Amino acid sequence: SAPAADAAVFLGDGAAVSAAGAVSGEATDKPREYHVVDRKAGVITGFTVAAGATEATESWRVDLGAPLAAFASGAADPRAVSSVEHLRYIPNATSGAKDIRRKYPTANVLVAAHYADGDDDGVKVLTVTALDAVTGQTLASMRHHDVDGDVSVAVVEHVVIYHFLSVETMRFMVGAWELFEHQDAHLVDNQYASPAMVVMSFLDKRRRFSALAARPPQVSAQLLAFPHGAVSAIGATVSMQGIARKQIIFALAEGTVVAVPLSMFLAGGIPEAPAAGAPRPPPKATILVPSTQFLTHRNRALGAALVATAPTPLESTAHVVVAGLDLFYTRASSGKPFDMIDEEFNRAALAVGCVVLPVATLVVRYIAQQRSLSVMWS
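An account of the accompanying structure is given in this report. Per chain, residues are indexed from 1 in the order of the written sequence. The model is predicted, so local features are restricted to residues of pLDDT at least 70 and side-chain atom pairs to those at 80 or more, both for listing and for counting; the totals for chains, interfaces and linings are taken over all residues. The side-chain quantities take in all heavy atoms of the structure and omit both hydrogens and water.

Pairing between strands is defined by DSSP: at least two bridges between the two strands are required. Elements are defined by DSSP. Helices are runs of H or I of four residues or more, strands are runs of E of two residues or more, and each kind is numbered from the N terminus. Pairing in this open sheet of 3 strands is antiparallel, and the strands run 18-19-20 from one edge to the other. Two strands bound the open sheet, and with one partner strand each, they are strand 18 (231-236) and strand 20 (257-261). Across the sheet, the mean angle separating the axes of adjacent strands is 25 degrees when strand polarity is ignored. In this structure, strand 19 (residues 247-252) lies alongside strand 20, joined through 5 bridges in antiparallel fashion. If you follow Gln247 over to strand 20, its bridge partner there is Pro261. Angles shown run from 0 to 180 degrees and are taken between the N-to-C directions of axes, each axis being a line fitted to C-alpha atoms and, for helices, limited to the stretch in contact.

Shown next, in the form of structure tokens:
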């Protein structure tokens, strides 16, 4: 959640900014940016604290003209995509190769959703807007016609995910945006590197990303049906080293908590080119969560208002806490579906093997002892 308009903001290193803009504590040694959100008025304001300054100055202001239905920030994830070296492979049906794109850093990305009246009477239009927290620039925006109900938003890695109810189709939907750095020509994984490119890869310095000079990202968006019902809160798993695959945690209104792999929401560009004469596979349009991904099992976490996650020392798992009418805690594992025994697994053979093997070991041991004894007496 973002700082409210009437709350103090902590900048770190012992410095804080009051609601009036006065800086207290130790002076900052470098410029700091922060933002405040007025949800009722639908106004997001960005401030800058210069190095050694005692007062914050307003740097930008965005008035959406309506109360915010949902808000999320990429800075909420301490391991958000802040590096410009993260790559993503996008399949291409034309050439059969894969394009390579750079993920857009989302540590400074703000996402706000608000309702507005449409052209028709009684029809609401949901507008989802992504803003840059440093400059206030609009990075992307999308409007959904004839939408109602609660909206949940999350920023996970380079992906923006939001959940809403489409009245037109009477289905719950999930919107997913993939943000990539703007580039005119994509690298392809079947291109050969020349000797000069290999040498330059060792001499080239690490790229730096600047929100003041970057172009707006390229957005790959899609809408997916979510047949599991209304959602009360959304979160995402985190890991200590960032190696484990991300999972999106949905706290459903009826009390169930499910973990959906982030890969299920990625657009993936154009589907892979099918073999000659083979029919083209249908596009992915529905998110179906198997029972193995249900975290609550027989329990219920009703009235969920917050989903909090934290890494564990074990890279493959993450702490998950759902707060609502009660507290629910569990551990989520991204590799759980691969570790579970299939329904076709021969459990009888496993049980027989576990019984026979110890008995056979004892019998062989007894025979070996008797043979050793006979050898000593011979």
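With that out of the way, let us pick up the environment of Ala66. Here Ala66 shows up in the loop between strand 6 (57-63) and strand 7 (68-73). Buried residues are those whose accessible area, probed at 1.4 Å on protein chains only, stays under 20% of the maximum for their type, while exposed residues exceed 50% and partly exposed ones sit between those limits. By relative accessible area, which is 11% here, Ala66 ends up buried. Measuring from C-alpha to C-alpha, the distance between Ala66 and Arg39 comes to 8.6 Å, with 27 residues separating the pair along the chain.

Multiplying 1.5 Å by the helix residue count minus one yields the expected span of that helix. End to end, helix 3 (residues 347-377) covers 46 Å across 31 residues, agreeing with the expected 45 Å (1.5 Å per residue, within 8%). We call two N or O atoms a polar contact when they sit within 3.5 Å, provided that within protein one can donate a hydrogen and the other can accept it, with sequence-adjacent residues counted only if both atoms are side-chain atoms. Where helix 3 starts, the residue carrying a side-chain oxygen 3.3 Å from the main-chain nitrogen of Ala348 turns out to be Asn346.

Where burial is concerned, most of strand 5 (residues 43-49) is hidden: 6 out of the 7 residues are buried. Relative to strand 5, strand 4 (residues 32-38) is paired through 7 bridges, and the arrangement is antiparallel. Paired with Arg32 across the strands is Val49, a residue of strand 5. The turn linking strand 4 back onto strand 5 is made up of 4 residues, and Gly42 within it adopts a positive phi angle of 70 degrees.

Attention now moves to the pattern of salt bridges. By definition here, a salt bridge exists when the distance from a side-chain nitrogen of Lys or Arg to a carboxyl oxygen of Asp or Glu is within 4 Å. Under the defined criterion, the tally for this structure stands at 4 salt bridges. Where Glu58 meets Arg61, a salt bridge forms, and the shortest distance between an N and an O atom there is 3.2 Å. The partly exposed category is assigned to Glu58, whose relative accessible area is 44%. A salt bridge links Arg300 to Glu254, with the shortest nitrogen-to-oxygen separation between them at 3.6 Å. One end of the pair, Arg300, is in the loop between strand 20 and strand 21 (306-311); the other, Glu254, is in the loop between strand 19 and strand 20, and 46 residues separate them in sequence. Judged by its relative accessible area of 47%, Arg300 is partly exposed.

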